[in-house]
Amino acid sequence: MIDTLGRGTSGFDSAAPPVAIFDWDNTVIKNDIGDASVFYALRSGSLRQPRDRNWRYTSPYLMDDAAQALSTACDSLAAPGEALATNTPAGQACASEILSIYSKAKTAAGKPAFSGWNYRRMEPSYAWAAQLLAGMTPDEARALGAAAMVAGQWAPIGATQQVGSDSKVTAWLRINEPMHDLIATLQRTGFDVWVVSASQQHIVEAAAEHVGVTRDHVIGIRNVEQGGQAYRRSAGLWRRARWAKRRQWAGEHRTGQQPHHLYRRQALLD
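Structural notes, computed from the coordinates. A quick note: this is a predicted structure, and the numbers were derived from the prediction, not measured.

Notes on the packing of aromatic side chains
Part 1 of the reasoning: According to the stated counting rule, one finds two aromatic pairs in the structure shown.
Part 2 of the reasoning: Ring geometry for phenylalanine 114 against tryptophan 128: centres 6.1 Å apart, planes inclined by 70°, an arrangement best described as edge-to-face. Placement of phenylalanine 114 in the loop between helix H4 (92-104) and helix H5 (124-131) and of tryptophan 128 in helix H5 is noted, with a sequence separation of 14 residues between them.
Part 3 of the reasoning: The ring centre of tyrosine 57 lies 3.8 Å from the NZ or CZ of arginine 51, which sits over that ring.

Some remarks on the side chain of serine 197
Part 1 of the reasoning: Note on placement: serine 197 falls in strand E6 (residues 192-200).
Part 2 of the reasoning: A polar contact is formed between the side chain of serine 197 and the side chain of aspartate 25, at a distance of 3.4 Å.

Notes on the pairing of strand E1 (residues 19-23)
Working note: regular strand, side chains alternate between the two faces of the sheet.
Part 1 of the reasoning: Burial along E1 is one-sided: the face carrying Ala20 and Phe22 is buried and the face carrying Val19, Ile21 and Asp23 is not.
Part 2 of the reasoning: Pairing geometry for E1 and E6, over five bridges, is parallel. Across the sheet, valine 19 pairs through a bridge with aspartate 192, a residue of E6.

So, the nonpolar core
Part 1 of the reasoning: Trp24, Ile33, Trp55, Ile98 and Trp128 are the most contacted members of the largest nonpolar core, which totals 60 residues.
Part 2 of the reasoning: The contacts of isoleucine 33, once residues within four sequence positions are left out, are Trp24, Asp25, Gly145, Ala148, Met149, Leu173, Ser199, Ile203, Val204 and Ala207.

Quick notes on the state of the cysteines
Part 1 of the reasoning: For the coordinates displayed, the defined rule picks out one disulfide.
Part 2 of the reasoning: Paired by a disulfide, cysteine 74 and cysteine 94 hold their sulfur atoms 2.0 Å apart. Looking along the S-S bond of the cysteine 74-cysteine 94 disulfide, the torsion reads about 100°, which is the right-handed sense. With cysteine 74 in helix H3 (residues 64-74) and cysteine 94 in helix H4, this pair connects stretches of sequence that are 20 residues apart. Residues cysteine 74 and cysteine 94 agree in their burial class; the two are buried.

Examining the packing of helix H6 (residues 138-154) against helix H8 (residues 201-208)
Part 1 of the reasoning: At a minimum axis separation of 7 Å, H6 and H8 run at an interaxial angle of 50°. Comparing their axes, H8 and H6 come out oblique. In this structure, the crossing between H6 and H8 has a hand that is right-handed. Facing Pro138, Ala141, Arg142, Leu144, Gly145, Ala146 and Met149 of H6, the residues of H8 in contact are His202, Ile203, Glu205, Ala206 and Ala207.
Part 2 of the reasoning: Taken together, the residues of the contact of H6 with H8 break down into eight nonpolar, two polar and two charged.

Reading guide: rules and limits
Residues numbered from 1 in each chain as written. Predicted model: local features only at pLDDT ≥ 70, side-chain atom pairs only at ≥ 80, totals over all residues. Heavy atoms only, no water. Phe/Tyr/Trp six-rings, centres within 6.5 Å; stacked < 30°, edge-to-face > 60°. Helix = DSSP H or I, 4+ residues; strand = E, 2+ residues; numbered from the N terminus. Lys NZ or Arg CZ within 6 Å of the ring centre and 35° of its normal. Polar contact = N/O pair within 3.5 Å; in protein donor to acceptor, adjacent residues only side chain to side chain. Buried < 20%, exposed > 50% of the residue type's maximum accessible area, 1.4 Å probe, protein only. Pairing = 2+ DSSP bridges. Core = buried A, V, L, I, M, F, W, Y, C linked by side-chain atoms within 4.5 Å. Contact = heavy atoms within 4.5 Å. Disulfide = S-S within 2.5 Å. Axes fitted to C-alpha atoms, helices over the stretch in contact; angles between N-to-C directions. Parallel < 35°, antiparallel > 145°, perpendicular 65-115°, else oblique. Left-handed = near helix turned anticlockwise from the far one by under 90°. Nonpolar A, V, L, I, M, F, W, Y, C, P; charged D, E, K, R; others polar.

Here it is, written out as structure tokens:
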């Protein structure tokens, strides 16, 4: 492919270079930066109490049992908009409830957490991970992703950590060096390299910098922003973003905008 399409070949056009897309989690890295960021946020007490202490605001698909379980475990920890002390003994039950709903789509008591989503189009837990960042600025979300990425790379392979009451939560990440090398080779030979992920946009931006992929070449779940902060709505999921990018390559969109602007107009979570 490089010999056929890359810089120096007869068909190469620097104004319309060939495009290469990489999935991020368990492709460019081993394990999942979205998972790692949720775990890190819970261990550092970075998530915030939702508006009116109403957890239904965090997802339109959150069931009543799950919203009630979160309220019971988390309401006393902070005022709305303030950081939840999930990194303290008093916040252990809240951390455990959030972890269970995120990782198992069930409450800690085993009741289903989500209902009513389009099974063909989205994964409500992934969307919820992005929506839990409500109140953070883009830079704060990137800082969270960067911290989770560094912590995961420092952890030994196979290491686990305690989050809430669960002591066997995956703690490690690694860059897949053959994929890193492939990305660098493609960039060097003129390919336009992108990362597409079902993790939150700013989280992946921070991680992708480790392999030389810039922010404007990352497509992830994007929160709608209000006043420079993430809001509890997601503007789109990775599959919609990937379709938008494909349409742009095919010439169906000639807006001059970057691909992520194409899918911000097509909200999946209203």
